There are 2 protein chains.
Amino acid sequence: MEKLTREDCLRFDLDDPLAHFKNEFSLPEQMIYMSGNSLGAMPVRAIAKAHQTVAEEWGRGLVKSWNQHDWFHMTTRLGALIAPTIGADDDEVVMTDSTGINVFKVLSAALTLRPERCRILMEGSNFPTDNYTAQGLVKLLGADHEIVYAEGDEIAEKIDDSIAVVCLTQVHYKTGRVLNMHDLTAKAHAVGAVTIWDLCHSAGAMVVDLNGCNVDFAVGCTYKYYNGGPGSPAFIFAARRHHGKALQPLTGWYGHKSPFAFERDYTPAADIVQMLSGTQPILSMSVAEVGLEIMSRVNMAQIRAKSLRLGDVFIQLLQQECPDAGFELVSPSDDSRGSQIALSHPQGYAIVQALISCGVVGDFRAPNILRFGLTPLYLRYVDIWDAIAHIKDIMGTGRWQEPRFNQRHAVT
Amino acid sequence: MEKLTREDCLRFDLDDPLAHFKNEFSLPEQMIYMSGNSLGAMPVRAIAKAHQTVAEEWGRGLVKSWNQHDWFHMTTRLGALIAPTIGADDDEVVMTDSTGINVFKVLSAALTLRPERCRILMEGSNFPTDNYTAQGLVKLLGADHEIVYAEGDEIAEKIDDSIAVVCLTQVHYKTGRVLNMHDLTAKAHAVGAVTIWDLCHSAGAMVVDLNGCNVDFAVGCTYKYYNGGPGSPAFIFAARRHHGKALQPLTGWYGHKSPFAFERDYTPAADIVQMLSGTQPILSMSVAEVGLEIMSRVNMAQIRAKSLRLGDVFIQLLQQECPDAGFELVSPSDDSRGSQIALSHPQGYAIVQALISCGVVGDFRAPNILRFGLTPLYLRYVDIWDAIAHIKDIMGTGRWQEPRFNQRHAVT
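Since the model is a prediction, treat every value here as computed from it, not as a measurement.

Peer 1: Pulling in residues and values, what's your account of the packing of aromatic side chains?
Peer 2: For the coordinates displayed, the defined rule picks out 35 aromatic pairs over all chains. Taken together through their ring pairs, the aromatic side chains of Phe72, Trp253, Tyr254, Phe260 and Phe262 of chain A together with Phe127 and Tyr173 of chain B make up a single cluster. Between the NZ or CZ atom of Arg309 of chain B and the centre of the ring of Tyr381 of chain B, over which it lies, the distance is 5.3 Å.

Okay, here's the thing in structure tokens:
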């Protein structure tokens, strides 16, 4: 393969159909931000939106803003913004609560569709909040229920007619490996199981086609690739065929058919609204709308193409510039990779700290993984070049061995 | 009783030890805001705090702000701000999620303390989200569990040794009636029941002494009397004696003993942190801190004294100025009243709309209740006079009968 130069990367940027989106985000100068898979960057308009929501809508509109600014329907309005980016219809998605809470809801709802089965299939190594939540639900439901764990290629084998629900995260949070949503969903349906997909590390970063894959339920977060802001609420997808049938048990007033009737007894809304529970954090929701609106204008195939190419350039440059630095590629080298590069290195923690100190912000996951998020809306090819140049410099000079980078005092 | 004049009200304001707090809030000119029991007013500093959190902490600090601005411990740090205002210790309160979700958690946790009992005692007429949530939990747990409903004075009678959990809202959302937390908790404990108090309409508006009453669990919201902003997250109190013992089932990663160990299996935190589930909406939390900080400087006995007196002045002036307007007092006339005045009137909806149109913002609850929230931090005695003057004017001129006020087109 021919050597890549910085000029090549600049040329890739000139040809990038998504390049103009970078202007919609604000990042500190000199920072190469590769943690957008943890917390997305701030859209420029987020500052004005926050001011508008606080000073005008809250400060002047006060309680009247629930109607005048339609705070009340923000969950469904923002859900409809997310829907086309994940292959869902507008009325199949709501934005609400956290991913963990939402897993509890859809897992409970899914189990009601298979009352004669008690087993949930999950990937034990993936981001733990889904596993923890399933464990909490299983404990609450009692002894018959259990979780079956499987990893990667084992998953398909373990999908049999004893399984009630297959609950999987599409992209592995640590390695970036993509599971085949289409085939695994088809396999699950073939044996009568219901499917839940966690899109935290895929939605907004690749082509996700929930209805094309006939998925039953999904959850995902908006503070990574959707750039919704720190801890912005998560979302739930429920296929329309399950509306009014698969009900979730966190039956707060927002999921009621007529919340303002203030009736004593719960009557579920007949649509996606039943997935709601309580009053939502309006300020976080309102500011998140800026990032969601940007994403709604993006061609997801272009996002995916750029994401993969950014990763290919990263891998090629690392081999080219730092062949003997001791890094191993943990992520897949092909298109079964999500939107991040994971490397392993015995001194991963110190290296990540040294990189952060010179403006290359990735993160570390125990025991030895360096993660670099690839966010096509604001990351350029030349940024990849410059990041690798910093890695080369740090490894060549041994700067990462300075004591200040070796103290594991905090999580980054 | 001697007639009250506007000058009397102005004199009361001059003597009010809380009067200076009004300067910390921004309200539209000419508005008399009496819906602070629904959505509290905006503290002046909320605007700058929102800007700081978005532009600086998110925009410049990005993912590093989880440590640098300690977003990660916001749930416990803000919980510790709330704690002294409700008679709790700092390590017994966390701010998180919505009231409904939190009711699910503490109700589940409380039931684990009485595994041999299956009945939950609630007040059916109170704000429905607690009832709805309990219904969802009971359905999930299965046939043995049931809810026993009781109203007002019946509640004490129905507390017997068949009851696992007594789950009550201290101040009635519609009438403003206060339940006796001390006596009902003592009665529950005498028969071996566990207690949960919903403080949505009491915390921040009156003296609440959870530990003085030996309460087991409590929940409450921060967007009413704490002025945390629209939909700002709720809080949970768990008495220290239950930490590590009464566990809640929404076991997301934030409740794990070591969340950043990313272990497959859930190990609960041994303290109040187990009441957490998922990642929280940082922007809504951060802005809410402004209101919580204000409340932490307030003497709650002074809040309660002013709240009751504002109500007494309201009642006296309504009788004095509008004796024949057809209003009935629904709230208690004595100190068993919370921080609102509820009136009934056959044309309540139209009257509330007419009042809103002239700047007196109260709200309406079906079928015939007008609610006026009394928020001592920014409501003056002279505001009560002026509100009553508007009511007198509207009733005297019949302006509320204009057709536009008779259409029940929207919820206020």
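Peer 1: A description of the interface of chain B and chain A should follow, citing residues and the corresponding values.
Peer 2: Note on interface size: it is often stated as the accessible area lost on association of the parts. At the interface, 80 residues of chain B touch 80 residues of chain A. In this assembly, chain B packs against chain A so that about 6700 Å² is buried in total across both faces, 71% of it on carbon and sulfur atoms. Counting across the interface, chain B meets chain A through 0 salt bridges. On inspection of chain B and its partner chain A, the count reaches 27 residue pairs in polar contact (both at pLDDT 80 or more). Sort the elements by how many residues they give to the side of chain B that touches chain A and helix H6 (residues 128-141) of chain B lands first, with 11 residues. Looking at the side of chain B that touches chain A residue by residue, the class counts come to 45 nonpolar, 27 polar and 8 charged.

Peer 1: Can you tell me about the relation of the copies chain B and chain A, naming the residues and giving the values?
Peer 2: In this arrangement, two copies of a chain are superimposed by a rotation about an axis accompanied by a shift along the axis. Its rotation angle being 180°, the transformation that places chain B on chain A also includes 0.0 Å of axial translation and leaves an RMSD of 0.0 Å. Within this description, the copies of the chain are treated as partners about a two-fold rotation axis. If distances are taken from each C-alpha of chain B to the rotation axis, the shortest is found for Ser284 of chain B, at 2.7 Å. Mapped onto chain A, 100% of the interface residues of chain B again fall at the interface, so both copies present the same surface.

Peer 1: So what's going on with the nonpolar core? Which residues, and what values?
Peer 2: The biggest cluster of nonpolar side chains holds 220 residues, and the ones touching the most others in it are Ile86, Leu199 and Phe217 of chain A together with Ile86, Leu199 and Phe217 of chain B. Non-local contacts of Ile86 of chain B, meaning those with residues more than four positions away in its chain, are made with Val93, Leu199, Ala203, Val208, Asp209, Leu210, Tyr226 and Phe235 of chain B. In this structure, Ala354, Phe364, Tyr381 and Phe405 of chain A belong to the second largest nonpolar core, which totals 41 residues.

Peer 1: Please give an account of the sheet that holds strand S11 (residues 328-329) of chain A that cites residues and values.
Peer 2: All names here are of chain A. In space, the 4 strands of this open sheet follow the order S11-S12-S15-S14, with antiparallel pairing throughout. The outermost strands of the open sheet, each flanked by one partner alone, are S11 and strand S14 (363-365). As paired strands, strand S12 (residues 340-344) and strand S15 (residues 369-373) are joined by 5 bridges and run antiparallel to one another. Of the residues in S15, the one forming a bridge with Ser344 is Ile369. Packing against the sheet, helix H10 (residues 300-321) makes contact with S11, S12 and S15, and its axis sits at approximately 30° to S12.

Peer 1: Which residues make up the packing of helix H11 (residues 348-357) of chain A against helix H12 (residues 381-397) of chain A, and what values go with them?
Peer 2: All names here are of chain A. Where H11 contacts H12, the two axes come as close as 10 Å, and the packing angle between them is 120°. Here H11 is positioned oblique relative to H12, judged by the angle of their axes. Considering only the axes of H11 and H12, their crossing is right-handed. Side by side, H11 and H12 meet where Ile351, Ala354 and Leu355 of the first sit next to His390, Ile391, Ile394 and Met395 of the second. Considering only residue class, the contact of H11 with H12 consists of 6 nonpolar, 1 polar and no charged.

Peer 1: Requested: an account of the pairing of S12 of chain A, with residues and values cited.
Peer 2: All names here are of chain A. Among the 5 residues of S12, 5 are classified as buried, and the element is accordingly described as predominantly covered. The alternating pattern of S12 places Gln340, Ala342 and Ser344 and Ile341 and Leu343 on opposite faces, both of which are buried. Note that S11 and S12 share 2 bridges and pair antiparallel. Among the inter-strand pairings, Leu329 is bridged to a residue of S12, identified as Leu343.

Peer 1: Which residues make up unusual backbone geometry, and what values do they have?
Peer 2: Residues and elements named next belong to chain A. The omega torsion of the bond from Ala366 to Pro367 falls at 0°, within 30 degrees of zero and hence cis. Despite not being glycine, Leu62 has its phi angle at roughly 50°, a positive value. Secondary-structure assignment places Leu62 in the loop between helix H2 (45-61) and helix H3 (65-68). Judged by relative accessible area, which is 1%, Leu62 ranks as buried.

Peer 1: Tell me about the domain arrangement of chain A, residues and numbers included.
Peer 2: All names here are of chain A. For chain A, the assigned domains read domain 1 (6-43 + 299-406) and domain 2 (70-296). Between the C-alpha centres of domain 1 and domain 2 there is a distance of 30 Å. Contacts between the two partners involve 33 residues from domain 1 and, on the opposite side, 24 residues from domain 2. Of the roughly 2100 Å² buried at the junction of domain 1 and domain 2 (both faces included), carbon and sulfur atoms supply 63%. Counting the contacts that link domain 1 with domain 2 gives 0 salt bridges. For the pair domain 1 and domain 2, the interface holds 11 residue pairs in polar contact (both at pLDDT 80 or more). For the side of domain 1 that touches domain 2, the secondary structure elements donating two or more residues are H10, S12 and S15. With 5 residues, the single largest contributor to the side of domain 1 that touches domain 2 is H10.

Rules used in this analysis
Residues numbered from 1 in each chain as written. Chains lettered and ligands numbered in written order. Predicted model: local features only at pLDDT ≥ 70, side-chain atom pairs only at ≥ 80, totals over all residues. Heavy atoms only, no water. Phe/Tyr/Trp six-rings, centres within 6.5 Å; stacked < 30°, edge-to-face > 60°. Lys NZ or Arg CZ within 6 Å of the ring centre and 35° of its normal. Contact = heavy atoms within 4.5 Å. Buried area = accessible area lost by both parts, 1.4 Å probe. Salt bridge = Lys/Arg side-chain N within 4 Å of Asp/Glu carboxyl O. Polar contact = N/O pair within 3.5 Å; in protein donor to acceptor, adjacent residues only side chain to side chain. Helix = DSSP H or I, 4+ residues; strand = E, 2+ residues; numbered from the N terminus. Nonpolar A, V, L, I, M, F, W, Y, C, P; charged D, E, K, R; others polar. Least-squares fit on C-alpha atoms with pLDDT ≥ 70 in both. Core = buried A, V, L, I, M, F, W, Y, C linked by side-chain atoms within 4.5 Å. Buried < 20%, exposed > 50% of the residue type's maximum accessible area, 1.4 Å probe, protein only. Pairing = 2+ DSSP bridges. Axes fitted to C-alpha atoms, helices over the stretch in contact; angles between N-to-C directions. Parallel < 35°, antiparallel > 145°, perpendicular 65-115°, else oblique. Left-handed = near helix turned anticlockwise from the far one by under 90°. Domains from an automatic or database assignment.

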